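Descriptive analysis of the structure
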Amino acid sequence: MKLQRKNRRALALGALAVSGALALTACGSDDTGGNSEGGATTQQAGSIECGDAKGRLQASGSSAQKNAIDAWIKQYTAACQNVQVNYRPDGSGAGITAFTQGQTAFAGSDSALDPEEIEASKKVCEGGQGIDLPMVGGPIAVGFNVPGVDSLTLDAPTLAKIFDTRIKKWNDPAIAKLNPGAKLPDLQIQAFHRSDESGTTDNFTKYLKAAAPKDWTYEPEKAWKARGGQSANGSSGLAQQVKATSGAIGYFELSYAKDGITTVDVKTGAAQPVKATIENATAAVGAAKVVGTGKDLALELDYTPSADNAYPIVLVTYEIACDKGNKADTLPATKSFLTYLASEDGQGLLADAGYAPMPAEIISKVRETVSGLS
């Protein structure tokens, strides 16, 4: 597992959300972006170059990026009407499995491919392998639902004990010490984690392991390892449970922290606790470095920043495709769609959708790599 590096690029312009992303095969879709029949084989709208792209792209994986994918698909399929893009947000683990089994043109994952997954990808990437293309960044927000409390600060050791069910009440002395003056109720904590294999879980537990190693003794993985707590499927499922359950706390991408969900300010080595915002996540993502080899652009993140306004719980979502050996019938659409995602216009949609664009130094490498997919 790996992740992120330095530099920064604040791109932000309009966009909205719809649904879906990428694939192969004519199998059915869950969350789909629309398409229409007909139209010229080669079209262009703004920076979107359709080229020979046509047919149905099927993909699945990270639910973290779903809202970004929605915005991208809306714009892309309006320009490239010969392409239908379908994205099933069933979690990073499921997305990688579908990709390595040849069911999709590419996958979305919030964790870079591990050695076993790279080896498995060689069976579907003829003469090549799966590579990680960092495309979306952003904060993992910790949302809470505590009646009478509209502001809450927590640090890594306290979060680790809460999610390991060793701190059980909201008026626990450890929480009270971090929140002097807050009226914390004598209320049971309901800690929610993901039930499915998730890159969000992987990154959240990487943070806990890095920032509170004595208090979080589990190895970071896509599957939740700690005992106790309650579970829900997908980022949207966790957000719904936190919103509906008194005393709840859970982790999900900032774009899901809406409709009244309040998020935790995280105490780091900085002078003041850090809020979960796009700007603060961008500061942390900007400190990532490329650790992948060859065409692989896996990143490494710093989960223990001490700089002011650097939010420590961040993730990068990768689009995973074959560097070579992509299936001929979906290669034009795959390259066209990924080219748009990495473009200035594509990255420019991210801030309004609740995500951080990739730093300039990183996204330029992504563009170069996508152009060479074969």
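Residues numbered from 1 in each chain as written. Predicted model: local features only at pLDDT ≥ 70, side-chain atom pairs only at ≥ 80, totals over all residues. Heavy atoms only, no water.

**Observations concerning empty space enclosed by the protein**
Threshold: For each structure, a 1 Å grid was placed over the protein atoms alone; sets of points admitting a 1.4 Å probe that cannot get out are labelled cavities, open sets with protein on both sides within 12 Å along at least five of seven lines are labelled pockets, and lining residues have an atom within 4 Å of a point. Grid points are joined across faces, edges and corners, and a volume is the space filled by probe spheres set on the points. Under the scheme used here, helices are H or I runs from DSSP no shorter than 4 residues and strands are E runs no shorter than 2 residues, and both carry numbers assigned from the N terminus. Polarity classes work like this: nonpolar for Ala, Val, Leu, Ile, Met, Phe, Trp, Tyr, Cys and Pro, charged for Asp, Glu, Lys and Arg, and polar for all others, with Gly in that last group.
Counted by the stated rule, this structure contains 3 cavities of 30 Å³ or more. Space inside the second largest cavity adds up to approximately 50 Å³. Lining the second largest cavity are 13 residues, with Gly 137, Gly 138, Pro 139, Glu 253 and Tyr 355 positioned closest to its centre. Of all elements in the fold, only strand E7 (130-145) and strand E16 (314-322) reach the threshold of two or more residues within the lining of the second largest cavity. Residue contributions to the lining of the second largest cavity peak at 4 residues, all from E7. In terms of residue class, the lining of the second largest cavity is built from 6 nonpolar, 6 polar and 1 charged.

**Overview of the environment of Tyr 256**
Which entries qualify depends on this criterion: Only protein chains enter the accessibility calculation, which uses a 1.4 Å probe. A residue is then buried if its area is under 20% of the maximum for its type, exposed if over 50%, and partly exposed in between. In this description, contact between two residues means that some pair of their heavy atoms is separated by no more than 4.5 Å.
Tracing the backbone shows Tyr 256 in the loop between strand E11 (248-253) and strand E12 (262-263). Residue classification places Tyr 256 among the buried residues on the basis of a relative accessible area of 9%. In sequence terms Tyr 256 and Ala 141 are 115 residues apart; their C-alpha atoms lie 8.6 Å from each other. If near-sequence neighbours (up to four positions away) are discounted, Tyr 256 is found in contact with Ser 63, Ala 64, Lys 66, Asn 67, Ser 235, Ser 236, Ala 239 and Ile 261.

**Notes on the nonpolar core**
Applicable threshold: We call a set of buried Ala, Val, Leu, Ile, Met, Phe, Trp, Tyr and Cys residues a nonpolar core when their side-chain atoms join them within 4.5 Å.
Counting residues in hydrophobic clusters, the biggest one holds 113 residues, and the most contacted among them are Trp 72, Met 135, Phe 163 and Ile 249. Examining the composition of this core, we find that 8 residues originate from one element, E7, more than from any other. Sequence-distant contacts of Phe 163, that is, excluding residues within four places in its chain, are made with Val 142, Ala 191, Phe 192, Phe 204, Trp 216, Trp 224, Ala 226, Ile 249, Gly 250 and Tyr 251.

**With respect to the state of the cysteines**
Applicable threshold: Disulfide assignment relies on a single distance test, namely cysteine sulfur atoms paired within 2.5 Å.
Inspection of every chain in the model, using the stated rule, returns 2 disulfides. The disulfide partner of Cys 50 is Cys 80, and the S-S distance across this bridge is 1.9 Å. Handedness here is read from the sign of the S-S torsion; for Cys 50 and Cys 80, about -90 degrees, the answer is left-handed. One end of the pair, Cys 50, is in the loop between strand E3 (48-49) and strand E4 (55-61); the other, Cys 80, is in the loop between helix H1 (66-79) and strand E5 (83-88), and 30 residues separate them in sequence. Sulfur-sulfur distance for the disulfide between Cys 125 and Cys 322 comes to 2.0 Å. Note on the Cys 125 and Cys 322 pair: the S-S dihedral is about -75 degrees, so by sign convention the disulfide is left-handed. Placement of the pair is Cys 125 in the loop between helix H3 (115-121) and E7 and Cys 322 in strand E16, with a sequence separation of 197 residues. Neither residue differs from the other here; Cys 125 and Cys 322 are each classed as buried. The connectivity of the disulfides in the protein is 1-2, 3-4, where the numbers refer to bonded cysteines in sequence order.

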